[in-house]
Amino acid sequence: MVKRWMNTGVVAIAIIILIGVTQVYAENAEVEKKGSGTEVAGLEQLLHTADAVIKHADQWVIKWQVAGHGYARTQAVKLAADLGLEAPVQDVRTGHDVYRSEGEVGMSESPIGLLLNVASTEQDEYYVIVQLAGRAKLDRQALLALHGQVEEAMTENGLKEASWNMSVQGKLSEMSEGNGESSTIDVSNIVQASVGIKPGEQLAALEAKLFCELDMTEVERYEDVATASVSYQATELPLKILSGSHLLNMQLAVHQVSGQDDARVTVGFPVITIEY
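Below is a summary of the structure that appears in this document.

**Here we look at the sheet that holds strand β4 (residues 96–105)**
In step 1: Ordered by their spatial adjacency, 10 strands build an open sheet running β3-β4-β5-β6-β2-β7-β15-β14-β11-β10, and the pairing between neighbours is antiparallel. The open sheet has two edge strands, β3 (89–93) and β10 (217–223), and neither has a second partner. Put simply, the sheet's adjacent strands are angled 20° from each other on average, direction ignored.
In step 2: Pairing analysis gives 6 bridges linking strand β7 (residues 163–171) to strand β15 (residues 263–269), with the strands arranged antiparallel. Directly across from Gly 170, in β15, lies its bridge partner Val 265.
In step 3: Across the sheet, helix α2 (residues 39–51) is in contact with β2 (57–69), β7, β14 (250–256) and β15; its angle to β7 comes to roughly 25°.

Okay, here's the thing in structure tokens:
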């Protein structure tokens, strides 16, 4: 099971590690297009699924990735232009040339961060990572439009094998507006963000909610004092990854943050790719 991957805010880590992790993901990942036959339709479905367990999410991360043949700089310049980003800046990480550009899209109150990394891996080969990241009060229509723009840019630049994944994160409880009292996030009255309840018990309540929404089969489970995580096969979801002999479509985790009363919930499709 993929556990505690890199925090999206730390994108300047050693690029060779990043390439290695995402290449393994891309080699195993397989995207099934459903609904209207577009990646945007798949994203809408995943956002709806995430809403079932996280009513007030405060972080969304989508990562597109693909390997390609040719010159990294040439591809980076083309992709940056198609995505409305500034010309990429060259850097060197662990001996590899990396071309990077980033910007923001949408509302000034809560814009969507857009990051492009194109790293040379071998001679005439490169690896592309495009990351979309949003915070609370996300403009979902802007996210859907940007997701479609990335898909189009990948296709037009000969990167039709690009795959993507999504992780959504929020607190298990939120403060009610106006009265300052703690309330659950529309999962179950038995779920309370208190130190006395174990993450595994909180996770069980979230699972009960999801079982009303999806036909799921548990594949892998992990639990310790502060964290509970489970991965599922849910064939109606549009993304999947091979883990051993099993196909995974979704991962759900509850983590009790040290020194805080509120637990943190993370859901990933097909697995979680941010720190939980």
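From this point, things continue past the structure.
**A few points about α2**
In step 1: Given a rise of 1.5 Å per residue, 13 residues ought to cover 18 Å, and the 19 Å separating the end C-alpha atoms of α2 matches this to within 8%.
In step 2: Taken as a whole, α2 has its buried residues at Glu 39, Ala 41, Gly 42, Leu 43, Leu 46, Leu 47, Thr 49 and Ala 50.

**A word on the packing of α2 against helix α4 (residues 140–156)**
The description of two helices packed together rests on the angle between their axes and the distance between the axes.
In step 1: Between α2 and α4, whose axes approach to 9 Å, the crossing angle comes to 140°. Handedness of the crossing formed by α2 with α4: right-handed. On α4, the residues that touch Glu 39, Val 40, Leu 43, Glu 44, Leu 47 and Asp 51 of α2 are Arg 140, Leu 143, Leu 144, His 147, Gly 148 and Glu 151.
In step 2: Its residues assigned to classes, the contact of α2 with α4 shows 5 nonpolar, 2 polar and 5 charged.

**Some details on helix α3 (residues 72–82)**
In step 1: Along α3, the positions that sit buried rather than exposed are Ala 72, Gln 75, Ala 76, Leu 79 and Ala 80. Buried residues of α3, seen end-on, are gathered within an arc of 130° and therefore sit on one face of the element. Exposed residues pointing more than 90 degrees away from the buried face of α3 are listed as Arg 73 and Ala 81.
In step 2: Of the surrounding elements, those touching the buried residues of α3 are β4, β5 (112–120), β6 (125–135) and α4.
In step 3: Gly 84, located one to two residues past α3, shows a positive phi value of around 75°.

**Remarks on the environment of Gln 251**
In step 1: Within the secondary structure layout, Gln 251 lies in strand β14.
In step 2: A polar side-chain atom of Gln 251 sits 3.0 Å from the main-chain amide nitrogen of Ile 272.

**Some points on the pairing of β5**
In step 1: By the criterion of burial, β5 is predominantly enclosed, with 8 of the 9 residues buried.
In step 2: Inspection of the sheet shows β4 paired to β5 by 8 bridges, in the antiparallel sense. Bridge pairing links Glu 104 to Gly 113 in β5.
In step 3: With antiparallel pairing between neighbouring strands as the criterion, β4 and β5 make up a hairpin whose turn holds 6 residues, including Gly 106 at a positive phi of roughly 100°.

**Examining the side chain of Thr 266**
In step 1: Following the sequence through the fold, Thr 266 ends up in strand β15.
In step 2: Given the relative accessible area of 0%, Thr 266 is considered buried.
In step 3: A distance of 2.8 Å separates the side chain of Thr 266 from the side chain of Gln 169, its partner in a polar contact.
In step 4: Each residue touching Thr 266, except ones within four places of it in the same chain, is listed here: Val 168, Gln 169, Gln 251, Leu 252, Ala 253, Ile 272, Ile 274 and Tyr 276.

Thresholds, definitions, all that
Residues numbered from 1 in each chain as written. Predicted model: local features only at pLDDT ≥ 70, side-chain atom pairs only at ≥ 80, totals over all residues. Heavy atoms only, no water. Pairing = 2+ DSSP bridges. Helix = DSSP H or I, 4+ residues; strand = E, 2+ residues; numbered from the N terminus. Axes fitted to C-alpha atoms, helices over the stretch in contact; angles between N-to-C directions. Contact = heavy atoms within 4.5 Å. Expected span 1.5 Å × (residues − 1). Buried < 20%, exposed > 50% of the residue type's maximum accessible area, 1.4 Å probe, protein only. Left-handed = near helix turned anticlockwise from the far one by under 90°. Nonpolar A, V, L, I, M, F, W, Y, C, P; charged D, E, K, R; others polar. Arc of directions from axis to C-beta. Polar contact = N/O pair within 3.5 Å; in protein donor to acceptor, adjacent residues only side chain to side chain.

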